[in-house]
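# Geometric and topological summary
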Amino acid sequence: MTLDNDWTLRRAQGEDDMTACVAIRHQVFVREQCVDEALERDGRDGDCIHYLALGADGPVGTGRVMPLEDRYKIQRVAVLPRARGTGLGAALMRFMMADLANEAEATGRTFFLSSQVHALPFYEKLGFSVCSGVYMDAGIPHRDMQAPVIPPAGA
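The following paragraphs examine the structure supplied in this document.

Each value, and the rule that gives it
- Residues numbered from 1 in each chain as written.
- Predicted model: local features only at pLDDT ≥ 70, side-chain atom pairs only at ≥ 80, totals over all residues.
- Heavy atoms only, no water.
- Helix = DSSP H or I, 4+ residues; strand = E, 2+ residues; numbered from the N terminus.
- Rg over C-alpha atoms; globule rule 2.2 N^0.38 Å.
- Buried < 20%, exposed > 50% of the residue type's maximum accessible area, 1.4 Å probe, protein only.
- Contact = heavy atoms within 4.5 Å.
- Areas by Shrake-Rupley, 256 points an atom, 1.4 Å probe, with all protein chains shown as cover.
- Lys, Arg positive; Asp, Glu negative; His and termini not counted.
- Charge placed at Lys NZ, Arg CZ, Asp CG, Glu CD.
- 1 Å grid on protein atoms, 1.4 Å probe; cavity = no way out; pocket = protein on both sides within 12 Å on 5 of 7 lines; lining within 4 Å.
- Points joined across faces, edges and corners; volume = space filled by probe spheres on them.
- Nonpolar A, V, L, I, M, F, W, Y, C, P; charged D, E, K, R; others polar.
- Core = buried A, V, L, I, M, F, W, Y, C linked by side-chain atoms within 4.5 Å.
- Phe/Tyr/Trp six-rings, centres within 6.5 Å; stacked < 30°, edge-to-face > 60°.
- Lys NZ or Arg CZ within 6 Å of the ring centre and 35° of its normal.

This next bit is on the overall build of the chain. When you go through the chain residue by residue, the secondary structure sums to four helices and eight strands. In the chain, the order of α-helices and β-strands from amino to carboxyl end is β-α-α-β-β-β-α-β-α-β-β-β. A compact globule built from 155 residues would reach a C-alpha radius of gyration of about 15 Å, and the chain, at 15 Å, matches this within 12%. C-alpha extents for the chain along the principal axes are approximately 40 × 35 × 30 Å. Residue burial in the chain is summarised as follows: out of 155 residues, 45% are buried. When contacts within the chain are restricted to residue pairs at least 6 apart in sequence, long-range pairs at least 24 apart make up 57% of them. Accessible area for the chain stands at about 8,200 Å²; split by element, carbon and sulfur atoms hold 51% of it. In the chain, 16 side chains carry a positive charge and 21 a negative one; their mean positions are 3 Å apart.

Structure representation (structure tokens):
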């Protein structure tokens, strides 16, 4: 999907896209937020669906989703500094959620994520509600959030 501001949002395709996703995550989580690389690189990438946001100057955002029996667990959503504040993060989340809602397996599932506390308002604007108390993950306060999977019109 190409948006008006020249972002292209898509499921990651192939090794080059995965390399870009991992590089964005490394920049945001390991370098900026000081998350231990062993925690960020958890060995679960092969179990997930990955998404990539491309700008005119290359990859700028990513997210991954782990399909579980009763939910889609959204993880590792990251936007590089040069694209923050532009609406890209929200566009990427909406794209991921719409893409997953089109899956045959979406019926009966919810979206679930562990949000850093400072990002709660961002996810609330996307329809998520808090469903846990505060806990620490990688030294950063988090709360769990969920949202319904809304099937596309006519489905």
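From this point on, the discussion continues.
Estimated volume of the largest pocket: approximately 920 Å³. Of all the elements in the fold, those that place two or more residues in the lining of the largest pocket are helix 1 (14-32), helix 2 (37-40), strand 4 (71-79), helix 3 (88-101), strand 5 (110-116), helix 4 (120-124) and strand 8 (140-148). Per element, the largest residue contribution to the lining of the largest pocket is seven residues, and it comes from strand 4. Of the residues assigned to the lining of the largest pocket, the class counts are 17 nonpolar, eleven polar and six charged.

In terms of nonpolar packing, the biggest core is built from 33 residues, with Tyr51, Ile74, Leu88, Met93, Phe111, Tyr123 and Phe128 touching the most fellow members. Elements with a minimum of two residues in this core: strand 2 (49-55), strand 3 (58-67), strand 4, helix 3, strand 5, helix 4 and strand 8. Here the element with the most residues in this core is helix 3; it accounts for ten residues. Each residue touching Met93, except ones within four places of it in the same chain, is listed here: Ile74, Val77, Leu113, Phe122, Tyr123, Leu126 and Phe128. Ala20, Cys21, Val28 and Ile140 belong to the second largest nonpolar core, which has eleven residues in total.

Centre distance and the angle of the planes are the two values used to describe a pair of aromatic rings. Here the structure, examined in full by the defined rule, presents four aromatic pairs. Summarising the aromatic geometry, the rings of Phe122 and Tyr123 are spaced 4.9 Å apart at their centres and angled 80 degrees between planes, so their arrangement reads as edge-to-face. With relative accessibility at 31%, the residue Phe122 sits in the partly exposed group. Here the guanidinium or amino end of Arg109 rests over the ring plane of Tyr72, the centre of that ring lying 4.6 Å away.

Okay, unusual backbone geometry next. Unlike most non-glycine residues, Cys34 shows phi in positive territory, near 60 degrees. Structurally, Cys34 is set in the loop between helix 1 and helix 2. For Ala138, which is not a glycine, the phi torsion comes out positive at approximately 55 degrees. Structurally, the position occupied by Ala138 is in the loop between strand 7 (135-137) and strand 8.

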